[in-house]
Amino acid sequence: QVHLVESGGGLVQAGGSLRLSCEASGRTFSRYTMGWFRQAPGKEREFVAGITWTSGNTKYVDSVKGRFTISRDNAKNTLYLQMNSLKPEDTAVYYCATDHNYYSAYVPLFSAEYDYWGQGTQVTVSS
């Protein structure tokens, strides 16, 4: 059984920062591409950022480029998302997910390509 547990969400003013963490268990974390997605009220879940198993390839949605940084620590089975210069439009529930393929050099952009998900952590950015 794979478990992904996100933490680090909260309420922050516009321009502030948060760091999300996602702790994984039940799968050899280091073999899989990992991703962050978010879902705002009334909107579809969208890809935010992804990172391959070696950290050699990362991808970001255009709206967060230059503000968010995805990273991972395979020794700690933990995925991170550093979020700086937060905007009210970043308000959403943030989810981490693991790709169903291992040893991939590709970062999937669509949620259907990820097979395990965390429960989500709320990020609220006030204006």
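Owing to the predicted nature of the structure, the values given are computational and were not obtained by experimental measurement.

Thresholds, definitions, all that
- Residues numbered from 1 in each chain as written.
- Predicted model: local features only at pLDDT ≥ 70, side-chain atom pairs only at ≥ 80, totals over all residues.
- Heavy atoms only, no water.
- Helix = DSSP H or I, 4+ residues; strand = E, 2+ residues; numbered from the N terminus.
- Rg over C-alpha atoms; globule rule 2.2 N^0.38 Å.
- Pairing = 2+ DSSP bridges.
- Axes fitted to C-alpha atoms, helices over the stretch in contact; angles between N-to-C directions.
- Buried < 20%, exposed > 50% of the residue type's maximum accessible area, 1.4 Å probe, protein only.
- Polar contact = N/O pair within 3.5 Å; in protein donor to acceptor, adjacent residues only side chain to side chain.
- Contact = heavy atoms within 4.5 Å.
- Disulfide = S-S within 2.5 Å.

### Points about the overall build of the protein chain
When helices and strands are tallied, the protein chain shows zero helices and eleven strands. The order of α-helices and β-strands along the protein chain, N terminus first, is β-β-β-β-β-β-β-β-β-β-β. The globule rule puts the C-alpha radius of gyration for 127 residues at 14 Å, and the 13 Å found for the protein chain is close to it. C-alpha extents for the protein chain along the principal axes are approximately 40 × 30 × 25 Å.

### Some remarks on the sheet that holds strand β7 (residues 68–73)
Judged by pairing direction, the sheet is antiparallel, and its four strands sit side by side in the order β1-β3-β8-β7 without closing on themselves. Because the sheet does not close on itself, it has two edges, and the strands there are β1 (3–7) and β7. Averaged over all neighbouring strand pairs, the angle between strand axes comes to 15 degrees, with direction disregarded. Pairing of strand β3 (residues 18–25) with strand β8 (residues 78–83) involves six bridges; the strand directions are antiparallel. Bridging across to β8, Cys22 finds its partner in Leu79.

### Here we look at the pairing of β7
By the alternation rule, side chains of β7 split into Phe68, Ile70 and Arg72, which are all buried, and Thr69, Ser71 and Asp73, of which none is buried. Pairing geometry for β7 and β8, over six bridges, is antiparallel. When the bridges of β8 are listed, Phe68 appears paired with Met83. Here β7 folds back onto β8, and the loop between the two strands holds four residues, one of which, Asn77, carries a positive phi near 55 degrees.

### Some details on the side chain of Arg38
Inspection of the secondary structure assignment puts Arg38 in strand β4 (residues 32–39). At 2.6 Å, the side chain of Arg38 forms a polar contact with the side chain of Glu46. Separated by 3.0 Å, the side chains of Arg38 and Asp90 make a polar contact. Residue contacts for Arg38: discarding those within four places in its chain leaves Glu44, Arg45, Glu46, Val48, Ser63, Val64, Phe68, Glu89, Asp90, Ala92, Val93 and Tyr94.

### Comments concerning the state of the cysteines
All told, the structure shown has one disulfide when counted by the stated rule. A disulfide bridge connects Cys22 with Cys96, and the sulfur atoms are separated by 2.0 Å. Classification of the bridge connecting Cys22 and Cys96 rests on its S-S torsion, roughly 60 degrees, and on that basis the disulfide is right-handed. Of the two residues, Cys22 sits in strand β3 while Cys96 sits in strand β9 (residues 92–102), which places them 74 residues apart along the sequence. With relative accessibility at 0%, the residue Cys96 sits in the buried group.

What is shown is where atoms sit, not what they do.
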